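For reference, the chains in residue letters:
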Amino acid sequence: MTGGEYLAIAYGVVFVFVLAYVGIIAAKLARLQREASELLELARRQRPAPQGAGAGDPGGDAERVILRGPFYAAGVRGLESGTTA
Amino acid sequence: MGVALALSLLVAPEDADQGISQRIFYIHVPIALTAYFCFGLGAWKALLLLWRGDARYDLESYVAIHQGTIFGALTLITGSIWAKASWGVWWTWDSNQLVLFLVLFLFYCAYFMLRFSIEEGASRSRSSAVYALFGVVLIPISFLAIRLAEDFIHPTVFTREGPQMTGTMFTAFCVSWAAVTLLAYVLYRVELAGKRLAIDLRELREALQ
């Protein structure tokens with residue numbers, strides 16, 4: 001093999017690794033999105049119709065996760081602990 | 001990343017000794033330095049966990065070490081390809097830096113075995129943190145091994161006299177290093193956010209059921 005071929009393989013391996021990693025993370029985020037949707041459904045079923053927005057707000061957290069984006073919960077967690085890291 | 005690739009593959013001059021295969025340097029060394037940085041970050045977060053007792057550092061330490069392991073694997077693979085192109089062998093046990101980096105990599109691979117063999121909780125967090133802190137000792141040894149042991153196999157580019165390369169080569173290297181570090185940082189933040197979200201959803205499911 002020539003030096004150019006070794007160079008192509010080295011850069012190609014890095015590219016494939018990064019691509020695979022991004023793919024795995026994307027798949028995990030999609031799974032979390034589905035899980036959040038299931039929780040929203042669960043919260044809606046459990047919430048008593050007239051007093052749903054009152055004390056306890058059993059479905060509130062799940063609904064906020066869905067409505068405000070996938071990173072909302074992580075953000076709230078950071079704020080609650082006094083940091084956004 | 002695009003600029004780094006253009007500088008590394010098109011702009012930087014070809015090495016007179018190694019030819020085109022020397023361009024692997026622009027991806028191999030930044031990835032190796034990023035791996036060291038990620039392991040160091042993981043150890044720093046582990047220290048913060050033991051010092052302050054804040055549980056969030058456990059996850060941050062874990063994700064940093066996970067990133068370090070990925071970049072460590074890439075360092076070994078790209079280094080092996082470069083070794084084959086330059087020395088004619090995929091691996092040599094005669095180079096202290098290679099062996100010490102492999103030891104460092106395997107040490108942090110074992111971190112995951114330890115972590116997932118203990119039930120989730122404060123005990124697991126503390127054990128993982130202590131293990132991560134032990135590993136950080138290997139980083140300066142691995143980094144300085146080539147200089148301490150007078151290793152003539154693995155090349156030394158950065159000496160006390162400065163970088164042993166031309167200005168264009170050094171610029172390409174610095175841009176590549178910045179690009180790889182930025183990539184690692186983005187991947188770290190995304191993975192961390194995903195893991196925190198998974199924990200929050202699990203707690204939410206437990207609260208609803």
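Residues numbered from 1 in each chain as written. Chains lettered and ligands numbered in written order. Predicted model: local features only at pLDDT ≥ 70, side-chain atom pairs only at ≥ 80, totals over all residues. Heavy atoms only, no water.

For the rest of this paragraph, the subject is the overall build of chain A. Of the regular secondary structure elements, chain A holds 3 helices and 0 strands. In sequence order, chain A lays out its α and β elements as α-α-α. Counting the 85 residues in chain A, one finds 27% classified as buried. (Helix = DSSP H or I, 4+ residues; strand = E, 2+ residues; numbered from the N terminus. Buried < 20%, exposed > 50% of the residue type's maximum accessible area, 1.4 Å probe, protein only.)

This part covers the interface of chain B and chain A. In many analyses, interface size is given as the accessible surface area lost on bringing the parts together. Listed per partner, the contact involves 42 residues of chain B and 37 residues of chain A. Counting each side, the surface lost to burial between chain B and chain A is near 3400 Å², with a carbon and sulfur contribution of 75%. Among the residues of chain B in contact with chain A, Leu197, Leu201 and Leu208 of chain B are the three that bury the most area, contributing 20% of the side total. Across the salt bridge formed by Arg205 of chain B and Glu38 of chain A, the nearest N and O atoms sit 3.2 Å from each other. Counting every contact that joins chain B to chain A gives 5 residue pairs in polar contact (both at pLDDT 80 or more). (Contact = heavy atoms within 4.5 Å. Buried area = accessible area lost by both parts, 1.4 Å probe. Salt bridge = Lys/Arg side-chain N within 4 Å of Asp/Glu carboxyl O. Polar contact = N/O pair within 3.5 Å; in protein donor to acceptor, adjacent residues only side chain to side chain.)

Residue and element names in this part refer to chain B. Together, Met1, Leu5, Leu9, Leu10 and Val11 make up a nonpolar patch on the protein surface, roughly 460 Å² of accessible area in all. In this fold, Leu10 is placed in helix H1 (residues 2-11). Judged by its relative accessible area of 70%, Leu10 falls in the exposed class. (Patch = residues over 30% accessible without salt bridge, like charges linked within 9 Å, V, L, I, M, F, W, Y side chains within 5 Å. Areas by Shrake-Rupley, 256 points an atom, 1.4 Å probe, with all protein chains shown as cover.)

This brings us to the state of the cysteines. Any covalent bond linking the sulfur atoms of two cysteines counts as a disulfide. Residue and element names in this part refer to chain B. For the coordinates displayed, the defined rule picks out 0 disulfides over all chains. Considering cysteine sulfurs only, Cys38 is the nearest to Cys174, which forms no disulfide, with 18 Å between them. Taking the relative accessible area as the measure of exposure, Cys174 reaches 31% and is therefore partly exposed. (Disulfide = S-S within 2.5 Å.)

This part takes up H1 of chain B. Among all positions in H1 of chain B, only Ala4, Leu7 and Ser8 of chain B are buried. On an axial view of H1 of chain B, the arc spanned by its buried residues comes to 90°, and they lie on one face. Residues of H1 of chain B that are exposed and angled more than 90 degrees away from the buried face: Gly2, Val3 and Leu10 of chain B. Structurally, H1 of chain B contributes buried residues whose contacts are with helix H1 (3-46) of chain A together with helix H2 (25-52) and helix H7 (167-208) of chain B. (Arc of directions from axis to C-beta.)

Turning to the nonpolar core, a few remarks are in order. The tendency in soluble globular proteins is for nonpolar side chains to be buried side by side. Residues Ile24, Phe25, Tyr26, Ile31, Ile65, Leu104 and Tyr111 of chain B are the most contacted members of the largest nonpolar core, which totals 52 residues. Among the secondary structure elements, those contributing two or more residues to this core are H1 of chain A together with H2, helix H3 (56-87), helix H4 (96-117), helix H5 (122-135), helix H6 (138-148) and H7 of chain B. By size, the runner-up hydrophobic cluster in this structure holds 9 residues, among which are Ala36 and Leu42 of chain A together with Leu197 and Leu204 of chain B. (Core = buried A, V, L, I, M, F, W, Y, C linked by side-chain atoms within 4.5 Å.)

The next subject is the packing of H1 of chain A against H7 of chain B. Contact geometry of H1 of chain A with H7 of chain B gives a least axis separation of 10 Å together with a crossing angle of 25°. The angle between the axes of H1 of chain A and H7 of chain B places the two elements in the roughly parallel class. In terms of crossing hand, the pair formed by H1 of chain A and H7 of chain B is left-handed. Its residues assigned to classes, the contact of H1 of chain A with H7 of chain B shows 18 nonpolar, 2 polar and 6 charged. (Axes fitted to C-alpha atoms, helices over the stretch in contact; angles between N-to-C directions. Parallel < 35°, antiparallel > 145°, perpendicular 65-115°, else oblique. Left-handed = near helix turned anticlockwise from the far one by under 90°. Nonpolar A, V, L, I, M, F, W, Y, C, P; charged D, E, K, R; others polar.)

On to the packing of aromatic side chains, then. Residues and elements named next belong to chain B. Applying the stated criterion across every chain, the model contains 15 aromatic pairs over all chains. Measuring from centroid to centroid gives 4.3 Å for Phe107 and Tyr131, while their planes differ by 10°, and the two rings are stacked. Residue Phe107 is located in helix H4, and its partner Tyr131 is located in helix H5; the two are separated by 24 residues in the primary sequence. Taken together, the ring pairs in this structure connect Phe39, Tyr62, Phe107, Tyr108, Tyr111, Phe112, Phe116 and Tyr131 into an aromatic cluster. In this structure, Arg52 is placed above the aromatic ring of Trp51, and the distance from its NZ or CZ to the ring centre is 5.6 Å. (Phe/Tyr/Trp six-rings, centres within 6.5 Å; stacked < 30°, edge-to-face > 60°. Lys NZ or Arg CZ within 6 Å of the ring centre and 35° of its normal.)

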